[in-house]
There are 2 protein chains.
Amino acid sequence: MLNNLYKEITPNGYGIAIETEGDILYSKQSEFQKVEIFKSRGLGNVLTLDGLMMTTVEDEFFYHEMISHIPLCSHKNPENVLVIGGGDGGTVREVLLHDSVKNVDLCEIDGLVIEASKQFLPTIAGKLDDKRVNVYVEDAIEFIKNKKNCYDVVLIDSTDPMGPGEGLFTEEFYTNVKESLKEGGIVTPQSESPFANKNEMRKMYILLHKVFKTVLPYCGPIPTYPGGYWSWAFCTNDNDNSIKDEARAIKIEQNAKIYNRELHKGAFMVPNFVRKLANNE
Amino acid sequence: MLNNLYKEITPNGYGIAIETEGDILYSKQSEFQKVEIFKSRGLGNVLTLDGLMMTTVEDEFFYHEMISHIPLCSHKNPENVLVIGGGDGGTVREVLLHDSVKNVDLCEIDGLVIEASKQFLPTIAGKLDDKRVNVYVEDAIEFIKNKKNCYDVVLIDSTDPMGPGEGLFTEEFYTNVKESLKEGGIVTPQSESPFANKNEMRKMYILLHKVFKTVLPYCGPIPTYPGGYWSWAFCTNDNDNSIKDEARAIKIEQNAKIYNRELHKGAFMVPNFVRKLANNE
């Protein structure tokens, strides 16, 4: 039996609490981390990795829409997309909504995340079996080294820079990701909480600015993440963050809970303290 | 002694948890509610009313900047401002940063909120003794009835529509607030969490649309509020939400943690689900 309250407290001394229901649904120790799923009273099933909240059925759309639609709508014709991490499948599901997309590679280091998500988060993972999707259970650090000039968009849907995700926050890795892009390519990593993970965010943007000409933070709420507020980095060397295919953006907007063409612009209009963190001021 | 973890769980089954330090600093039952202040490890002193989080020293700027600067920067020359609720003083402090402001009336029903805040939240309440401020410990429902055609901006910094704040969420009250405005006047109430308090938000906007020609939701993060994400309503009959005095907005921007002229626009570019709630779709 679980305790009836799941708590996740940041080193800063605050965090989230979620009422749980019943026995834990899934709990396995992989080579990399502890993968667990429990049922919550108000947010549906909840995935945690090493005791850190990854996603919940009821609020996952905040994260998955924000990491996907802003970079994909900023690309004129994204056909080949790579998702790094993201084994729950939510980012892949959103990417597939863009009818330009012909192929999605998912590179997730931990097969148990995929197994658990398919079994207990079907509304999130349900599109991992789509015929346009290729799932690679591999370390993205190695995977990306052999990929040159092939992706239109790369989304880095990783855990924090501690644990198995650590190597995804280095200049070498970002350089390899840059080299995997075709002309006009865009990379968007999740870039931590500007309130709860200030130092991690600052360090990350220092590295991103070394590798990419354009590095723009954009933000949105995520109720179940520390601080309730999250950031992503829009990175490119030869593109910008405007909407390129209005018709495709309208289609996405019509079915989205979050995304619309106004929000696409507004998400980049960030608070002063976020600007300062992202520019190392 | 307090427990070492303060938890606030919404009826939806999730919420926030804050590590506390030491004995409770202030705890008094007023005629209206239980007023308490405790020290937290990561967020400074914390004010709660009837066990609901009102503000913390470290994250109060999110709420107080958002409720103040967007309406005040949308007014060409706000001289006379009314703050309803807001006994902690944070909204008044931000309003006073606008050098056009000659007078601020604060109408707070509960004198103990003011007493506790002056004693234990001095960085928030410190401007309540400014000579431009008049503090009225009164029920705003009665106070507003005698105010006609006198305020440039009215900010409703209230608790939720349960408990002592309940009467501040009625058509009659909003109509009286409207009549208290001068030409070009703007009213901005806090309008609840679009994720954690959907029903309360929807009901509130139905009423606001009955009274005001223009009712625009705008949003921002608040790490310690349920859902981490909050909304305010920009209401007017004869104005709009553009910046009217660029020089004043720049001055505010230069010293703000949140506010800048881009964010002023971006805050209104809200997610689809917020648009739908605010338009009762």
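Thresholds applied
- Residues numbered from 1 in each chain as written.
- Chains lettered and ligands numbered in written order.
- Predicted model: local features only at pLDDT ≥ 70, side-chain atom pairs only at ≥ 80, totals over all residues.
- Pairing = 2+ DSSP bridges.
- Helix = DSSP H or I, 4+ residues; strand = E, 2+ residues; numbered from the N terminus.
- Axes fitted to C-alpha atoms, helices over the stretch in contact; angles between N-to-C directions.
- Buried ≥ 20, exposed ≤ 12 C-beta atoms within 10 Å, placed from the backbone.
- pLDDT = per-residue confidence, 0-100.
- Domains from an automatic or database assignment.
- Contact = placed C-beta atoms within 7 Å.
- Nonpolar A, V, L, I, M, F, W, Y, C, P; charged D, E, K, R; others polar.

**Q** What exactly am I supposed to notice about the sheet that holds strand S9 (residues 151–157) of chain A here?
**A** Each strand in a sheet pairs with its neighbour through backbone hydrogen bonds, running either in the same direction (parallel) or in the opposite one (antiparallel). Residue and element names in this part refer to chain A. Read across the open sheet, the seven strands follow the order S8-S7-S6-S9-S10-S12-S11; overall the sheet is mixed. Since the sheet does not close on itself, it has two edges, and those belong to strand S8 (133–136) and strand S11 (214–221), each with one partner. Neighbour-to-neighbour, the strand axes of this sheet turn through a mean angle of 15 degrees, independent of strand direction. As defined by bridge partners, S9 adjoins strand S10 (residues 181–189) across five bridges and the pair is classed as parallel. Note on S10: the bridge partner recorded for Val154 is Val187.

**Q** Could you clarify how one ought to interpret the environment of Asn199 of chain B in this entry?
**A** Residues and elements named next belong to chain B. Position of Asn199 among the secondary structure elements: in helix H7 (residues 198–211). We classify Asn199 as exposed; it has 10 C-beta atoms within 10 Å. When the C-alpha positions of Asn199 and Leu277 are compared, they lie 8.5 Å apart, and in sequence the two are 78 residues distant.

**Q** Hey, could you run me through the confidence of the model for chain A in this one?
**A** Low pLDDT means the predicted atomic positions in that stretch should not be read closely. Averaged over every residue, the pLDDT of chain A is 95; residues scoring 70 or more account for 99%. With pTM at 0.96, the complex prediction returns an ipTM value of 0.95.

**Q** What exactly am I supposed to notice about the domain arrangement of chain A here?
**A** A common way to report how large an interface is uses the accessible area buried once the components associate. Residue and element names in this part refer to chain A. Segmenting chain A into domains produces domain 1 (5–54) and domain 2 (60–278). Distance from the C-alpha centre of domain 1 to the C-alpha centre of domain 2: 23 Å. With 19 residues of domain 1 in contact, the opposing surface of domain 2 contributes 17 residues. In terms of residue count, the dominant contributor to the side of domain 1 that touches domain 2 is strand S2 (residues 14–29) (five residues). Looking at the side of domain 1 that touches domain 2 residue by residue, the classes come out as 11 nonpolar, six polar and two charged.

**Q** Explain the sheet that holds strand S12 (residues 229–236) of chain B to me, please; I cannot follow it from the model alone.
**A** Residues and elements named next belong to chain B. Strand order in the open sheet made by the seven strands is S8-S7-S6-S9-S10-S12-S11, with mixed pairing throughout. Strand pairing shows two members of the sheet lacking a second neighbour, strand S8 (133–136) and strand S11 (214–221), which therefore form its edges. Within the sheet, the average angular offset between the axes of one strand and its neighbour, ignoring direction, is 15 degrees. Together, strand S9 (151–157), strand S10 (181–189), S11 and S12 form the strand contacts of helix H1 (residues 60–73), whose direction differs from that of S9 by roughly 155 degrees.

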